[in-house]
Amino acid sequence: MSRAEASLFGRYVLGRAIDQRSADLYVRAAQSLGYSGDDAVVRFVLQVPWSLWPFDALLALLRPDALLRKKLLLMAAILETQPQYGDDFLPRTL
Amino acid sequence: MTTFDFIVAGSGATGSMAAQTLVEKGARVLMLDGGRHDDRYAALIPPDKTFTEIRRSDLEQYRYFLGDDFASAAYCEVGTGAQLTPPRRFIVDCVDEMLKTRATSFSPCESLARGGLASGWGLLCGVYSSAELGRAALPIGEMCDAYQTVADRIGVSGAADDDVRPYTYADLQGIQPPPKLDPTAALIESRYRRRRLELQAQGFHLGRPALALLTQAKDGRSPTALRDMDFYDDAGRSAWRPTIALDALQRSPNFSYTGNVLVTRFEERSDGVDVVALDLLDRSERRFSCKRFVLCCGTLGTARIVLRSFPGENARLPLLCNAYTYVPCVVPTRIGGTMPERSNSMVQLVGFHDPDSSHTDVAVLTLFTYRSLMLFRLMRATPLGVRDARLVLRWLLPGLLIAGIDHPQGSSDGKHVQLEPDASSPTGDRLAITYHLTRDERWKHDARERRLVGILRTLGAWAIKRVRPPLGASIHYAGTLPFCDREERFTLATGGRLHGTRSVFVADGSGFTFLPAKGLTLSLMANAHRVARGIAG
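So, how was this worked out
- Residues numbered from 1 in each chain as written.
- Chains lettered and ligands numbered in written order.
- Predicted model: local features only at pLDDT ≥ 70, side-chain atom pairs only at ≥ 80, totals over all residues.
- Heavy atoms only, no water.
- Helix = DSSP H or I, 4+ residues; strand = E, 2+ residues; numbered from the N terminus.
- Rg over C-alpha atoms; globule rule 2.2 N^0.38 Å.
- Lys, Arg positive; Asp, Glu negative; His and termini not counted.
- Charge placed at Lys NZ, Arg CZ, Asp CG, Glu CD.
- Buried < 20%, exposed > 50% of the residue type's maximum accessible area, 1.4 Å probe, protein only.
- Contact = heavy atoms within 4.5 Å.
- Areas by Shrake-Rupley, 256 points an atom, 1.4 Å probe, with all protein chains shown as cover.
- Buried area = accessible area lost by both parts, 1.4 Å probe.
- Salt bridge = Lys/Arg side-chain N within 4 Å of Asp/Glu carboxyl O.
- Polar contact = N/O pair within 3.5 Å; in protein donor to acceptor, adjacent residues only side chain to side chain.
- Pairing = 2+ DSSP bridges.
- Right-handed = clockwise from strand over helix to strand, strands pointing away.
- Expected span 1.5 Å × (residues − 1).
- Core = buried A, V, L, I, M, F, W, Y, C linked by side-chain atoms within 4.5 Å.
- Disulfide = S-S within 2.5 Å.
- Axes fitted to C-alpha atoms, helices over the stretch in contact; angles between N-to-C directions.
- Parallel < 35°, antiparallel > 145°, perpendicular 65-115°, else oblique.
- Nonpolar A, V, L, I, M, F, W, Y, C, P; charged D, E, K, R; others polar.

A. Geometry of the overall build of chain A. Per the secondary structure count, chain A includes 5 helices and 0 strands. Its helices and strands taken in sequence order, chain A reads α-α-α-α-α from the N to the C terminus. At 13 Å, chain A has a C-alpha radius of gyration in line with the 12 Å of a compact globule built from 94 residues. Dimensions along the principal axes, computed over C-alpha positions, put chain A at roughly 45 × 25 × 20 Å. In chain A, which carries 11 positive and 10 negative side-chain charges, the distance between the mean positions of the two groups comes to 1 Å.

So, in structure tokens, the structure goes:
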């Protein structure tokens, strides 16, 4: 697993590039949870980045526990707990 | 070896309450406890910032929101203890290793923590009605007095003038005003008021919950600051936790506390009781001596100890547990709205379904707004791609309500526990739990949930789906050693004495012969106080 994967997944979840600290944290978390390997789907989306959205949408319906989904959900959790991205996840407050 | 007047096993809601009563009566008490506690996360959380302030400012927040091992970010199905955040994980620390269980259809939650399971209690209080107390074989007069004592000790807030007071705190005095209501819950409450008579005719009543959460200062504790961090910390001690009672007890010369031990069994002597425990650090056997022994280890923990103490009988004990279903709902008019900066994460509104108004067969509907458990947990359960889920859920969040439905449970077939050998267990055994709902129970629960989902729709909250976590997920257990008038093995006298013994008492929920759906903890504490008061003299 590489920082390139973190950058791609971070950009996908957030819609813009993520910072290095978040990417590093993702790499560390993936190693800690045993998500650092890959499978055919992960390898494919890393080669063909535009396929990430259709694969993610399809797996959400058919195989929500697929490795790609686990990695993307982990990235979402990492980004949600970074103060610079807080407002990308919080609703408006009074 | 010092002989104490009493040994209390367990430091949770019942253990702390029983010990407090005994110490107040002048007894010398030793508490034996697993003693697990959080020494990692509590100090990281800024005590003066709200959830949204923390989210926008704290670089270290990922540690207490996800855990240093990122375990909260791991993909998983919704199960028992899903609401245990990293700062609350100590509650179940060591449990898989030390309290072995075999259960195929039941997912239990036990604790070896200082403060027990009540360290993560949802704070919902409910006084059992006379009819419920009667079905649970609890003495009505004693329990009414005990409820008041416990409410005075812990501090309870609730509304004085709404429809649910007979179901929440009834006639208790000294109740503080309720905390401020979230806008979505306020909208549901206003709709209920408009259709109140129609809904009451269906046996449904809605109002503010009674919570063990201070809204006014009490005994050195602060009123809730509405930081919306209730799932993570206990800043200001506005929420009652057993550690509040334990900290006060540890200042008393009559009270001693020994942590890092797991009580395994007892041996009754002519002049008292020997209590045998396993040291959690070096796995050695330790023995303690007392005149009277009080078990407060929770229904499952107490069952293990009692079964071990009467080996060879191979007894099978009954078990009660509230079946629980949760229903995520959307309030369309609130979608895309704003959420208040200051809020609390606990139950906003509580409904009671009492079809024949008899107070005997009451299902409980709890309504929560959702924010502080964060979007990533919702994304897992959303059939959308992660990017789309983030955008949709963020927009949906102000209109999201999580409804929980608890069902009452009486004794019936197919629900029991039994101790069986297990060489891999430090205690040499494990608890085999069999728990199946009967066809009638499943049908009744389903019919009731449909009715409640219909009522929610009437109130403008549209159910997305019904989710049934594994049985046991309510973490409401009781009934393994039922109260019984006859001197029968594995039953309790009304005063809590374990039949077949002279000096062993049970002060947790093991004796209840019926488990109402109302929040269990207040009644557990009232019973513990009642039992302790009875034996203190």
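B. Seen up close, the overall build of chain B. Within chain B, the secondary structure is distributed over 14 helices and 23 strands. Computed over the C-alpha atoms, the radius of gyration of chain B is 22 Å, within 12% of the 24 Å expected from 2.2 N^0.38 for a compact globule of 537 residues. With the C-alpha coordinates aligned to their principal axes, the bounding extent of chain B is approximately 70 × 55 × 45 Å. Every one of the 537 residues in chain B was classed for burial, and the buried ones make up 62%. Within chain B, contacts between residues at least 6 apart in sequence are counted, and of these 72% link residues at least 24 apart. Entry remark: accessible area of chain B is about 19,500 Å², with carbon and sulfur atoms responsible for 49%.

C. Here's a closer look at the interface of chain A and chain B. Counting residues at the interface gives 38 residues for chain A, matched by 41 residues for chain B. Carbon and sulfur atoms supply 59% of the area buried between chain A and chain B, which totals about 3,600 Å² over both sides. Per-residue buried area on chain A facing chain B is highest for Glu80, Thr81 and Leu90 of chain A; these three make up 17% of the total on that side. Remark: the boundary between chain A and chain B carries 3 salt bridges. For Asp87 of chain A, the salt bridge goes to Arg56 of chain B, with nearest N and O atoms at 2.7 Å. On the surface where chain A and chain B come into contact, there are 17 residue pairs in polar contact (both at pLDDT 80 or more).

D. Here's a closer look at the pairing of strand 2 (residues 29-32) of chain B. All names here are of chain B. On strand 2, burial covers both faces: Val29 and Met31 on one face and Leu30 and Leu32 on the other are all buried. Relative to strand 2, strand 1 (residues 3-9) is paired through 4 bridges, and the arrangement is parallel. Counterpart to Ile7 in the pairing with strand 2 is Leu30. The handedness of the strand 1 to strand 2 crossover, carried by helix 1 (residues 13-24), is right-handed.

E. Region of interest: helix 1 of chain B. Residues and elements named next belong to chain B. With 12 residues, helix 1 should cover 16 Å at 1.5 Å per step; its first-to-last C-alpha distance of 17 Å lies within 8% of that length. Burial runs high along helix 1: 11 of the 12 residues are buried. Considered for burial, the residues of helix 1 that qualify are Ala13, Thr14, Gly15, Ser16, Met17, Ala18, Ala19, Gln20, Thr21, Leu22 and Val23. After helix 1 finishes, the residue Gly26 shows a positive phi value of roughly 95°.

F. The nonpolar core, seen in detail. Membership of the largest hydrophobic core comes to 105 residues, with the highest contact counts inside it found for Leu22, Ile154, Phe266 and Phe293 of chain B. With 9 residues, the single largest contributor to this core is helix 14 (residues 521-536) of chain B. Apart from the residues within four sequence positions on either side, Leu22 of chain B is in contact with Phe6, Val8, Ala27, Val29, Val294, Ala532, Ile535 and Ala536 of chain B. Ala23 and Leu68 of chain A together with Met379 and Val386 of chain B belong to the second-largest nonpolar core, a separate cluster that totals 67 residues.

G. Examining the state of the cysteines more closely. Residue and element names in this part refer to chain B. Throughout the structure, instances matching the rule amount to 0 disulfides over all chains. The cysteine Cys94 is free of any disulfide, with Cys109 supplying the nearest cysteine sulfur at 14 Å. No disulfide involves Cys109; its sulfur sits 11 Å from the nearest other cysteine sulfur, which is in Cys321.

H. Inspection of the side chain of Thr85 of chain B at higher detail. Structurally, Thr85 of chain B is set in the loop between helix 3 (61-66) and helix 4 (95-98). Those residues within four positions of Thr85 of chain B in sequence are excluded, and the remaining contacts are Phe231, Tyr232, Leu373 and Arg377 of chain B.

I. Focus on the environment of Arg489 of chain B. Residues and elements named next belong to chain B. Relative to the helices and strands, Arg489 is located in the loop between strand 21 (477-478) and strand 22 (504-506). According to the relative accessible area criterion, Arg489 is partly exposed, its value standing at 36%. Sequence separation between Arg489 and Arg377 is 112 residues; the distance between their C-alpha atoms is 46 Å. Apart from residues no more than four positions distant in its own chain, Arg489 is found in contact with Phe310, Glu313 and Gly500. Reaching out from Arg489, the side chain makes a polar contact with the side chain of Glu313 at a distance of 3.0 Å.

J. Local environment of the packing of helix 1 (residues 3-14) of chain A against helix 5 (residues 67-80) of chain A. Residues and elements named next belong to chain A. Two elements in contact, helix 1 and helix 5, have axes separated by 9 Å at closest approach and are oriented at 70°. Relative to helix 5, the element helix 1 is oriented roughly perpendicular. Facing helix 1, whose interface residues are Glu5, Ala6, Phe9, Gly10, Tyr12, Val13 and Leu14, helix 5 presents Leu68, Lys71, Leu72, Met75, Ala76 and Leu79. When its residues are assigned to classes, the contact of helix 1 with helix 5 shows 10 nonpolar, 1 polar and 2 charged.

K. Examining the pairing of strand 13 (residues 324-330) of chain B more closely. Residue and element names in this part refer to chain B. Most of strand 13 sits inside the fold, with 6 of its 7 residues counted as buried. Pairing of strand 13 with strand 20 (residues 462-463), which is carried by 2 bridges, proceeds in the antiparallel orientation. Across the sheet, Cys329 pairs through a bridge with Ala463, a residue of strand 20.

L. Broad picture of the pattern of salt bridges. Under the counting rule described, the total for this entry stands at 49 salt bridges over all chains. A salt bridge links Glu420 of chain B to Arg102 of chain B; its shortest N-O distance comes to 2.6 Å. Remark: Arg102 of chain B occurs in strand 3 (residues 101-103) and Glu420 of chain B occurs in strand 18 (residues 415-421); sequence separation between them is 318 residues. Accessibility expressed as a relative area gives 39% for Arg102 of chain B, which makes it partly exposed. Note that Glu313 of chain B and Arg489 of chain B form a salt bridge whose closest N and O atoms lie 3.0 Å from each other. Taken together, the residues span a long stretch of sequence, with Glu313 of chain B in the loop between helix 10 (298-309) and strand 11 (316-318) and Arg489 of chain B in the loop between strand 21 and strand 22 at a distance of 176 residues. Residues joined by salt bridges that share partners form a network here, namely Arg21 of chain A together with Arg40, Glu60, Arg63 and Asp68 of chain B.

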